[in-house]
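Each chain is listed here by its residues.
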Amino acid sequence: MLHQIAGPMEQFVIKPIVPLHVGGLDLSFSNTSLWMALAVAGVTIFLTMGMARAALVPGRWQSMAEMTYEFIANTVRQNAGEAGMKFFPLIFTLFMFVLFCNLFGLLPYSFTPTSHIIVTFALAMLVFITVIVVGLLRHGLHFFSLFVPGGVPGWLLPIIVPIEIISFLSRPISLSVRLFANMLAGHTMLKVFATFVVSRGAAGGIMSAGAILPLLGIVAVTALEFLVAALQAYVFAVLTSIYLNDAINLHEHH
Amino acid sequence: MSAPEEPSADSRKLDDLGRRLDSFERRAQATGTLPKKTRAEPNSALGSAFKLSTEFVAAVAVGGGMGWVLDDWLGTKPTLFLVLMAFGVAAGFFGVFRIARRMQAEDAAKAKDAPALKPDEDED
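As the structure is a prediction and not an experimental result, all values here were calculated from the model.

1. Section: the overall build of chain B
And step 1. Looking only at helices and strands, chain B has three helices and zero strands in total.
And step 2. Reading chain B from its N terminus to its C terminus gives the helix and strand order α-α-α.
And step 3. Every one of the 124 residues in chain B was classed for burial, and the buried ones make up 17%.
And step 4. Counting contacts in chain B only where the partners sit at least 6 residues apart, residues at least 24 apart contribute 57% of the total.
And step 5. Per element, the accessible surface of chain B, about 9,200 Å² overall, is 63% carbon and sulfur.

As structure tokens, this is what we get:
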């Protein structure tokens, strides 16, 4: 009977919905495109409808929209200073997109675009390239002094500079792997528990009682996944503002 | 409802609301039903572990990867791979140390903000 149960990795398979091939490139509109589009639509509805009948004393929906806005605005101010607020639209957009992708991924029968490394890596590269461009525009070649921390004796520089360069280059990797691995691990765990429930339940007789433990496990892990979904979106926003702080303020930290 | 009267009525209502909120907060804090400052708590032990481990692995991977590509290009097969991977490991430790220090600073700031509210809850 086990062969009828979907494998735990089947939920991550990308299936084209509208096949589209342009010059050897597969540009099909797939389930991942669909759920990213839904996330964008969800963010847009959440924010515009929430603020459509904006009142001085906000209702429930309006205060949710305002709270997310304030929350990220405070995060940016804390980590990148007042000058970092210029990049608030970018960080807020990234946060909301990742948050809604993660949360929509928890709906039954949905797909989680952030469980694919290429999606999170593209977002991380967007941040990484923004940091480099902003840093070069604001500080010119002086931006590269980022790799030479102050107060280091000269004979240590041949060791410190490569270390700093490697840790700078590893940022987009750790940023994308963290988000992707969290989503992948959580969703796989849910499906594995679900498989246990079905296989135990099908055992019949007194053995079926064994299904209760993995079932409770699913409830707990689902709750945890909601936390992880929000937390990872927040971590992404925090790290983006910390990295942008380097580009804006070079050595001084906020 | 004439136009110039509206903002003053609104601001009077807002002032009144502010006063009522203040008095409510004072009362709630006096009776201990409201914690000093409620703030989202986005720090779990699992999250911290994940943050630190990916930081380390990413640095080692980037160092090793760079060495591998340069070796291929310059024909110095294992040398640069080993050297840059060692630098990657160092960069990984550095990064982990940096994050750990920031976490510690955040915890210290939190402890100052809300003393005795929750004495170490995620210590597993």
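2. Here we look at the interface of chain A and chain B
Accessible area lost upon the coming together of the parts serves often as the stated size of an interface.
And step 1. Chain A puts 23 residues into the contact, and the matching count from chain B is 24 residues.
And step 2. Taken over both partners, the interface formed by chain A and chain B buries close to 2,000 Å², and the fraction arising from carbon and sulfur atoms is 79%.
And step 3. Its largest share of buried area at the contact with chain B, chain A owes to Ile163, Ile166 and Arg178 of chain A, together 27% of the area lost on that side.
And step 4. At the junction of chain A and chain B, the tally comes to one salt bridge.
And step 5. Linking Glu164 of chain A and Arg98 of chain B is a salt bridge whose minimum nitrogen-to-oxygen distance equals 2.8 Å.
And step 6. Secondary structure elements with two or more residues in the side of chain A that touches chain B: helix H5 (157-169), helix H6 (171-201) and helix H7 (212-249) of chain A.

3. Re the nonpolar core
And step 1. Ile72, Phe95 and Val131 of chain A are the most contacted members of the largest nonpolar core, which has 46 residues in total.
And step 2. Listing elements by their share of this core, those giving two or more residues are helix H1 (31-52), helix H2 (60-80), helix H3 (88-104), helix H4 (117-139), H6 and H7 of chain A.
And step 3. Leaving out residues up to four positions away in the same chain, Phe95 of chain A has contacts with Ile72, Ala233, Tyr234 and Ala237 of chain A.
And step 4. In terms of nonpolar packing, the next biggest core, distinct from the first, is built from seven residues, Ile163 of chain A together with Ala59, Leu84 and Phe87 of chain B among them.

4. With respect to the packing of aromatic side chains
Residues and elements named next belong to chain A.
And step 1. Tallying each qualifying case throughout the model produces 14 aromatic pairs over all chains.
And step 2. With 5.6 Å between their ring centres and 70° between their planes, Phe100 and Phe104 make a pair best called edge-to-face. Here Phe100 and its partner Phe104 are both found in helix H3, four residues apart, which amounts to about one turn of the helix.
And step 3. Note on Phe104: relative accessible area 22%, which makes it partly exposed.
And step 4. Considering the side-chain rings of Phe128 and Phe168, the 5.3 Å spacing of their centres and the 45° angle between planes classify their relative orientation as tilted. Within this pair, whereas Phe128 is found in helix H4, its partner Phe168 is found in helix H5, the two being separated by 40 residues in sequence. Per residue, the accessibility class of Phe128 equals that of Phe168, and both read buried.

5. Focus: the pattern of salt bridges
Residues and elements named next belong to chain B.
And step 1. Within the structure shown, the criterion is met by six salt bridges over all chains.
And step 2. Of the charged contacts in the structure, one is a salt bridge between Asp72 and Lys77, with a shortest N-O distance of 2.8 Å.
And step 3. Each of Asp16, Arg19 and Arg20 takes part in salt bridges that share partners, so that together they form one network.

6. Considering the side chain of Thr240 of chain A
And step 1. Inspection of the secondary structure puts Thr240 of chain A in helix H7.
And step 2. Under the relative-accessibility criterion, Thr240 of chain A is labelled buried at 1%.

Cut-off values and rules
Residues numbered from 1 in each chain as written. Chains lettered and ligands numbered in written order. Predicted model: local features only at pLDDT ≥ 70, side-chain atom pairs only at ≥ 80, totals over all residues. Heavy atoms only, no water. Helix = DSSP H or I, 4+ residues; strand = E, 2+ residues; numbered from the N terminus. Buried < 20%, exposed > 50% of the residue type's maximum accessible area, 1.4 Å probe, protein only. Contact = heavy atoms within 4.5 Å. Areas by Shrake-Rupley, 256 points an atom, 1.4 Å probe, with all protein chains shown as cover. Buried area = accessible area lost by both parts, 1.4 Å probe. Salt bridge = Lys/Arg side-chain N within 4 Å of Asp/Glu carboxyl O. Core = buried A, V, L, I, M, F, W, Y, C linked by side-chain atoms within 4.5 Å. Phe/Tyr/Trp six-rings, centres within 6.5 Å; stacked < 30°, edge-to-face > 60°.

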